[in-house]
Amino acid sequence: MKDELFRLYGTAEREPESRTLVAGNLSMSFQDGSLRSLRFGGHEVLRAISFLVRDKDWGTCRARLRDLRIAEDERAFSLTYVARFTAPSGANLDCDVAISGTATSVHFSADYMSDADFETARAGFVVLHPVIGVAGQPVAVTHDDASAEEARWPDTIEPWQPFKNIAQITHRVAPGIMATTKFIGDVFEMEDQRNWTDASYKTYVRPLALPWPYLVPQGERFSQRISVEVLAERHAEIAADRSDAISIRLIPTNVRLPAIGVGLRPECLREELASLDILKAIGAEHLIAHFDPAVGHGVEALKGYAAIAAGSGLKVTLEVAVPCLRPLEEEMAQFATMVDQAKLLLDTLFVCPSVDRQSTPPGSKWPECPALGDVYAAARVAFPGLRLGGGMMSYFTELNRKRVPPDQIDYICHATNPIVHAADDLSVMQTFEALRHVVNSTRAIYGNKPYRIGPSTIAMRQNPYGSATKDNPMGSRIPMANVDPRHNGQFGAAWTLAYAATVAPAALDVLTLSTLAGPFGLLAGEGEGTVSGELRPLAHVLARLASMSHELLFAVETTRPDAVLGLASQKRLLLVNITCDEQTVILPANPRKVSTIADGGELTAQHQLTLAPYACVDVAL
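Let me sum up the structure you'll find in this document. (Residues numbered from 1 in each chain as written. Predicted model: local features only at pLDDT ≥ 70, side-chain atom pairs only at ≥ 80, totals over all residues. Heavy atoms only, no water.)

## Thoughts on the overall build of the protein
At step 1: A tally of regular secondary structure across the protein gives 10 helices and 35 strands.
At step 2: Expected size for 621 residues packed as a compact globule is a radius of gyration near 25 Å; at 25 Å, the protein falls within 12% of this value.
At step 3: By its C-alpha atoms, the protein is 70 × 60 × 45 Å across when sized along the principal axes.
At step 4: Within the protein, the proportion of its 621 residues that are buried is 58%.
At step 5: By sequence separation, contacts in the protein at least 24 residues apart represent 68% of the contacts at least 6 residues apart.
At step 6: Of the roughly 24,800 Å² of accessible surface on the protein, 51% is carried by carbon and sulfur atoms. (Helix = DSSP H or I, 4+ residues; strand = E, 2+ residues; numbered from the N terminus. Rg over C-alpha atoms; globule rule 2.2 N^0.38 Å. Buried < 20%, exposed > 50% of the residue type's maximum accessible area, 1.4 Å probe, protein only. Contact = heavy atoms within 4.5 Å. Areas by Shrake-Rupley, 256 points an atom, 1.4 Å probe, with all protein chains shown as cover.)

Here's what the structure looks like:
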């Protein structure tokens, strides 16, 4: 079992155990101190209720639970426990929690106090409403002053808070089923978490307009409470059985599949130069070369990139974090001189002010930065005739909040990261529900402007929300980590294929989902489930995707997009199971051949397939 965990996740560490709580038609799971997947009659009511504590850099302080007591029967349940959250400073915040549930209600209370001044960006309840079946639908919000607002959940992703000063939210769960969630004990507001590819609308404590980080004073007691009431009509329908076989439908489009890019980083140049044959094996077309003068990148890094480009024959995009500390014309001219000195031939140039890599939350003062139009104009002068890209070197959130002038650039680009807020397996795979909204929202803002995404990886390459990414020496599942073991396993392959399948309808020019070497890369290191120096599982997925680049896309519609995703061309269908359970799939026609992607094994070519956990398969049609 340990070897199987290692093969799937790149680590033998298990996720915390979960327990299912049921009262009548109401069910949910209790895991690591949180309630997840609250359902009534099988319909999702809430994605989660959690009492969370963030450190000063928005990293998650993990709860250590003790004195857990659970009582339940078929009509009700209750549980209590004590959670301890420890800050990097060593201060401890202890929280007494009580949860109770009936067939139509849930109550979750938290009373907490710190043994020393506790520096935090947030301490309190977070409630997640789902996106599917909710986006664009009516919602009723009652505010702290008892005023009522009839509105709609955002459809296109909202850059700022859609609702503030929230006391109560009432929404339709399904035909004949309504849910009311009450927020007590602090000032709550909502953000559209799809900005970060979290598949939820998040209601949280402490408005972002207030200063952060802030202190929870030593010895002072605080209390918060969340209450959920479900009102169902007598004949409200039960949700469809989620265990049924999954049907697949192929839909022809006029969209072509994107070229595949691979990222380059100066700190990995030695490994990258030794791995040129990998680029040929993968079939990538573009190199996305990162360049940040603020951390010492200079001519030697550019010379390394030139050597890789010459050895591989691939097109190069130089991704430049522009310091904007001197006149822009001087900075851009210096970059152009260094590129010439390195004899680096560029296909495109992507520029982003260095300061824009850090997020500016709602209510905060925007940092000093030249107008983006001036940045782009200076780049045009220094690199005449070169295609110019703009957008954000960080994530869609920053692009959504600071829109770039599209008429001054040739293409738009951003990245995403799935572990900004949560890093458990389910949350990471649920990000695809939000990712489709990210690309749709980008298209709504920028129309048919050529569009690129990446590098996007499970691990976080830079942290826009704090001073640094989180080190992860134990190879755990932690938010904002700069290394994630799942990148190395079958989970990483499944995430990569599901990502490509989700964004394919957006007609991207280039999609980049890895670097060449290092922790974000294609080659296994020591102590991984794959032999050191061999291709990681996601590399085989990227090779399949690259072999289909520029072919016409057949969109894949599945009856369980929360379980199985895919993309297809006229002759090939790639499918991925994004769950930890086996899934049965009914193909639209009898296949000629079915092979597993990572290991090249073959499955019986038949109308019905069984996909192993996180399996990626190539179906010849």
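Next comes the rest of the description.
## Details of the layout of surface pockets
At step 1: In this model, the second largest pocket occupies a volume close to 1,100 Å³.
At step 2: Forming the boundary of the second largest pocket are 46 residues, of which Thr60, His421, Ala422, Ala423 and Pro479 lie nearest the centre.
At step 3: Mapped onto the lining of the second largest pocket, the elements with two or more residues apiece are β3 (34-40), β4 (43-54), β6 (77-86), β7 (92-101), β10 (122-129) and α8 (425-446).
At step 4: No other element matches β4, which puts six residues into the lining of the second largest pocket.
At step 5: Tallied by class, residues from the lining of the second largest pocket come to 19 nonpolar, 12 polar and 15 charged. (1 Å grid on protein atoms, 1.4 Å probe; cavity = no way out; pocket = protein on both sides within 12 Å on 5 of 7 lines; lining within 4 Å. Points joined across faces, edges and corners; volume = space filled by probe spheres on them. Nonpolar A, V, L, I, M, F, W, Y, C, P; charged D, E, K, R; others polar.)

## Things to note about the nonpolar core
At step 1: Within the largest apolar cluster, 107 residues are counted, with the highest numbers of intra-cluster contacts made by Leu318, Val351 and Leu567.
At step 2: No other element matches the 10 residues that helix α9 (residues 490-503) contributes to this core.
At step 3: Filtering out sequence-adjacent residues up to four positions away, leucine 567 remains in contact with Leu257, Ala500, Ala501, Ala504, Leu545, Met548, Leu553, Phe554, Val556, Arg572, Leu573 and Leu574.
At step 4: Counting 58 residues, the second largest nonpolar core, distinct from the first, contains Leu26, Val141, Val173 and Tyr201. (Core = buried A, V, L, I, M, F, W, Y, C linked by side-chain atoms within 4.5 Å.)

## Regarding helix α6 (residues 372-382)
At step 1: Of all the residues in α6, the buried ones are Leu372, Gly373, Val375, Tyr376, Ala378, Ala379 and Ala382.
At step 2: Those residues of α6 that are buried lie in contact with α5 (328-342), β23 (348-353) and β24 (387-395).

## Looking at the side chain of serine 34
At step 1: Following the sequence through the fold, serine 34 ends up in strand β3.
At step 2: The exposure class assigned to serine 34 is buried, which follows from its relative accessible area of 11%.
At step 3: At 2.8 Å, the side chain of serine 34 and the side chain of serine 50 are in polar contact.
At step 4: Not counting chain neighbours up to four residues away, the residues in contact with serine 34 comprise Ser29, Ile49 and Ser50. (Polar contact = N/O pair within 3.5 Å; in protein donor to acceptor, adjacent residues only side chain to side chain.)

## Thoughts on the sheet that holds strand β25 (residues 411-415)
At step 1: Judged by pairing direction, the barrel is parallel, and its eight strands sit side by side in the order β20-β21-β22-β23-β24-β25-β26-β27 before closing back on the first. Sheet twist, expressed as the average angle between the axes of neighbouring strands with direction ignored, equals 25°.
At step 2: Sitting on the sheet, α6 touches β23 and β24, and the angle it makes with β23 is about 145°. (Pairing = 2+ DSSP bridges. Axes fitted to C-alpha atoms, helices over the stretch in contact; angles between N-to-C directions.)

## Some thoughts on the packing of aromatic side chains
At step 1: In total, this model carries 18 aromatic pairs according to the counting rule given.
At step 2: Arranged with centres 5.7 Å apart and planes meeting at 75°, the rings of tyrosine 9 and tyrosine 614 form a pair that is edge-to-face. With tyrosine 9 in helix α1 (residues 2-9) and tyrosine 614 in the loop between β34 (608-611) and β35 (616-620), this pair connects stretches of sequence that are 605 residues apart. With respect to burial, tyrosine 9 and tyrosine 614 carry one shared label: buried.
At step 3: For arginine 452, the ring lying beneath its charged end belongs to tyrosine 411, and the centroid distance is 4.2 Å. (Phe/Tyr/Trp six-rings, centres within 6.5 Å; stacked < 30°, edge-to-face > 60°. Lys NZ or Arg CZ within 6 Å of the ring centre and 35° of its normal.)

## As for the sheet that holds strand β19 (residues 246-256)
At step 1: Across the sheet, nine strands lie side by side as β33-β32-β35-β30-β29-β28-β19-β31-β34; this open sheet has mixed pairing. The open sheet has two edge strands, β33 (602-603) and β34, and neither has a second partner.
At step 2: With two bridges joining them, β19 and strand β31 (residues 583-586) adopt parallel strand pairing. If you follow serine 247 over to β31, its bridge partner there is isoleucine 586.
At step 3: Against the sheet, helix α10 (residues 537-547) touches β29 (564-568), β30 (572-577), β32 (593-596) and β35, its axis set at about 150° to β30.

## What to know about the pairing of β10
At step 1: β10 sits mainly inside the fold: eight of its eight residues count as buried.
At step 2: Pairing geometry for β4 and β10, over seven bridges, is antiparallel. In the strand pairing of β10, leucine 52 is matched with glycine 124.
At step 3: Summarising the sheet, β10 and strand β16 (residues 201-205) pair through four bridges and their orientation is antiparallel. Its bridge partner being in β16, valine 126 is matched across the sheet by tyrosine 204.

## A few points about the pairing of strand β28 (residues 552-558)
At step 1: Summarising the sheet, β19 and β28 pair through six bridges and their orientation is antiparallel. Its bridge partner being in β28, isoleucine 251 is matched across the sheet by alanine 555.
At step 2: Note that β28 and β29 share two bridges and pair antiparallel. Residue pairing in the sheet places alanine 555 in a bridge with leucine 567 of β29.

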